[in-house]
Amino acid sequence: MDDDEKAGSKDLLGRLTDSELNELKDTITKKQISAYGRKEHICAIVAYSESAFELLHRKKLKRDVLFQYLADSNVVVSVNSSKDTLINAIIKFWKSRSSQKNQNDVQGVKPVGQSQQDVLTAYQPRPQAEPQAHTHSASPPPNISITINIASPSATSLLSDQVGVAFATWFYEMLNSQNPMLPNTSEDFGPHHFWPDVNFKLLCLTPHPVEEEITGAEPTTQRLLSLVKDEQLLFNPNISEEGLHVKSNPHGQLVLIVCGTVHRSNDCLGEFEQLFGLLRDPRFDNNWKVKFTKLRIRTSQVTAMPKLTDQAVSEVTALVPV
């Protein structure tokens, strides 16, 4: 997180009760960090959260809390807004507040990049980049928000990886929350996360093999929900470099593949591998939505966290033309 996101997160966390802060701190730090008092709990939560998006997606930060925070900050959103929309609005509010402060403090500093079409944005907040060098001009203060031009291959690769990690974390936390065996309230999961013509392929390599192909946002949502609600499966993704691979191009396509383990209650049933094709939806703040997905589930004796094979990585590369 940058300084503005940390400040905003601390302000928002101040709305939680002591017990909620303690539970959230234990979840994020895996109970490895001790804290005393509200201030220490909040500092620990912010320090050990991977990003503002990851923190705001936590179950303890419920939709009602986010909506009230925006209302108290004079940010008007629809009362029917999803949690994802509220999170995006909060991040934008923090960024706009920072930009306004910078405009008051600094004159004549412009961000790199020309337009929305030239910039690759992500679930993650944009990382700061060094401004282009100009003769006889001083470097801008560190708080200036700099967008990253998509023409830079290294910047594109970095942002793609960040989107991949953020998306995989968000998707499986949201999907797993629908499992009735979990005590916490389920997150918002529905057809609005998919394009209307999304294609879903399911391959279960089990003693009773299953192969299905589904088209449409509603049928795809219901089939995924049946895996966690009816069959009570839980997906544990490996979001390290060995378990997740992302590829994108300047045309707006982003494809990622992630592997991990599949569980039911206390039993590890085997491994899974899921491929996602993502595209932005300009109607909804350019949020990423799933255009296609392919899920393979295989029963096996798992002795270590699964890693992606060269074949899986090649499949992603083949789907993203340059």
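Residues numbered from 1 in each chain as written. Predicted model: local features only at pLDDT ≥ 70, side-chain atom pairs only at ≥ 80, totals over all residues. Heavy atoms only, no water.

Going by what an unreviewed UniProt entry lists, the protein is known as NTF2 domain-containing protein and is assigned to Mizuhopecten yessoensis.

K.L.:
What's the story with the overall build of the protein in this structure? I'm lost.
P.N.:
Looking only at helices and strands, the protein has nine helices and seven strands in total. Here the protein holds 322 residues, and 45% of them are scored as buried. Long-range contacts, defined here as pairs at least 24 residues apart, represent 62% of the contacts in the protein between residues at least 6 apart. (Helix = DSSP H or I, 4+ residues; strand = E, 2+ residues; numbered from the N terminus. Buried < 20%, exposed > 50% of the residue type's maximum accessible area, 1.4 Å probe, protein only. Contact = heavy atoms within 4.5 Å.)

K.L.:
Could you clarify how one ought to interpret the pairing of strand S7 (residues 287-299) in this entry?
P.N.:
Where a strand is regular, its side chains alternate between the two sheet faces. Looking at chain direction, strand S1 (residues 194-205) and S7 are connected through eight bridges and run parallel. Counterpart to Leu202 in the pairing with S7 is Leu295. Pairing between strand S6 (residues 267-281) and S7: 12 bridges, direction antiparallel. When the bridges of S7 are listed, Gly270 appears paired with Thr299. (Pairing = 2+ DSSP bridges.)

K.L.:
In this structure, what is going on with the pairing of strand S4 (residues 244-248)? I would like to understand it.
P.N.:
Where burial is concerned, the two faces of S4 differ: the one with Leu244, Val246 and Ser248 is buried and the one with His245 and Lys247 is not. As paired elements, S4 and strand S5 (residues 254-264) share five bridges and run antiparallel to each other. Residue Val246 lies in a different strand from S5, and its bridge partner there is Leu256.

K.L.:
Sorry if this is basic, but what is going on with the confidence of the model for the protein here?
P.N.:
Low-confidence regions, as indicated by low pLDDT, have predicted coordinates that should not be scrutinised in detail. Across the protein, pLDDT averages 78, with 76% of residues at or above 70. Between the elements of the protein, mean pLDDT differs from a low of 74, seen in helix H9 (residues 310-319), to a high of 94, seen in helix H8 (residues 217-229). A low-confidence stretch, residues 104-156 (pLDDT under 50), is modelled with 77 contacts involving residues beyond four sequence positions or located in other chains. (pLDDT = per-residue confidence, 0-100.)

K.L.:
How do you make sense of unusual backbone geometry when you look at a structure like this?
P.N.:
A positive phi angle, close to 55°, is found at Lys30, a residue other than glycine. Note on placement: Lys30 falls in the loop between helix H2 (18-29) and helix H3 (37-47). According to the relative accessible area criterion, Lys30 is exposed, its value standing at 63%.

K.L.:
What should I look at first to understand helix H5 (residues 63-72) in this one?
P.N.:
Think of an α-helix as 3.6 residues a turn; residues three or four steps apart then line up on the same face. All buried positions along H5 are accounted for by Leu66, Tyr69 and Leu70. In an axial view of H5, the angular spread of the buried residues amounts to 95°, which keeps them on one side of the axis. At the exit of H5 stands Asn74, carrying a positive phi of roughly 65°. (Arc of directions from axis to C-beta.)

K.L.:
Looking at this model, I keep getting lost on the layout of surface pockets. Mind explaining?
P.N.:
If a probe the size of a water molecule is rolled over the atoms, the empty space left behind becomes visible. What the largest pocket holds in volume is close to 1000 Å³. Together, 28 residues line the largest pocket, and Thr27, Lys30, Arg58, Lys59 and Glu173 are the ones closest to its centre. Among the secondary structure elements, those contributing two or more residues to the lining of the largest pocket are H2, helix H7 (153-176) and strand S3 (234-237). For the lining of the largest pocket, a count of residues per class yields 11 nonpolar, eight polar and nine charged. (1 Å grid on protein atoms, 1.4 Å probe; cavity = no way out; pocket = protein on both sides within 12 Å on 5 of 7 lines; lining within 4 Å. Points joined across faces, edges and corners; volume = space filled by probe spheres on them. Nonpolar A, V, L, I, M, F, W, Y, C, P; charged D, E, K, R; others polar.)

K.L.:
Just checking my understanding: could you explain the side chain of Asn179 for this structure?
P.N.:
Positionally, Asn179 belongs in the loop between H7 and S1. Look at Asn179 and you get buried, because its relative accessible area is 2%. When sequence neighbours within four positions are dropped, the list of residues in contact with Asn179 reads Val228, Gln232, Leu233 and Leu234.

K.L.:
Honestly, the packing of helix H1 (residues 3-13) against H5 in this entry has me stumped. Any pointers?
P.N.:
Describing two packed helices takes the angle between their axes plus the distance from one axis to the other. Interaxial distance between H1 and H5 falls to 11 Å at its minimum, and their mutual angle equals 115°. Between H1 and H5, the angle is such that the two are roughly perpendicular. Crossing of H1 over H5 shows right-handed handedness. In this structure, H1 uses Gly8, Asp11 and Leu12 to contact H5, whose residues at the interface are Val65, Leu66 and Tyr69. Its residues assigned to classes, the contact of H1 with H5 comprises four nonpolar, one polar and one charged. (Axes fitted to C-alpha atoms, helices over the stretch in contact; angles between N-to-C directions. Parallel < 35°, antiparallel > 145°, perpendicular 65-115°, else oblique. Left-handed = near helix turned anticlockwise from the far one by under 90°.)

K.L.:
Which parts of the structure should I look at to understand the packing of aromatic side chains?
P.N.:
Two descriptors summarise a pair of aromatic rings, namely the distance from one centre to the other and the angle between the planes of the rings. This structure, assessed with the given rule, holds 14 aromatic pairs. With a centroid separation of 6.4 Å and an interplanar angle of 75°, the aromatic rings of Tyr69 and Phe93 are classed as edge-to-face. Placement of the pair is Tyr69 in helix H5 and Phe93 in helix H6 (residues 83-105), with a sequence separation of 24 residues. For the pair Tyr172 and Phe276, a centre-to-centre distance of 6.3 Å together with 70° between the ring planes defines the contact as edge-to-face. In this pair, Tyr172 sits in helix H7 while Phe276 sits in strand S6, placing the two residues 104 residues apart along the sequence. Each of the two residues, Tyr172 as well as Phe276, counts as buried. Pairwise contacts between aromatic rings join Phe167, Trp170, Phe171, Tyr172, Phe189, Phe194, Phe235, Phe272 and Phe276 into one cluster. (Phe/Tyr/Trp six-rings, centres within 6.5 Å; stacked < 30°, edge-to-face > 60°.)

K.L.:
Just checking my understanding: could you explain H8 for this structure?
P.N.:
Between the first and last C-alpha of H8 there are 18 Å, a value that for 13 residues agrees with the 18 Å anticipated at 1.5 Å per step. Of all the positions in H8, only Ala217, Thr220, Thr221, Arg223, Leu224, Leu225, Ser226, Leu227 and Val228 are classed as buried. (Expected span 1.5 Å × (residues − 1).)

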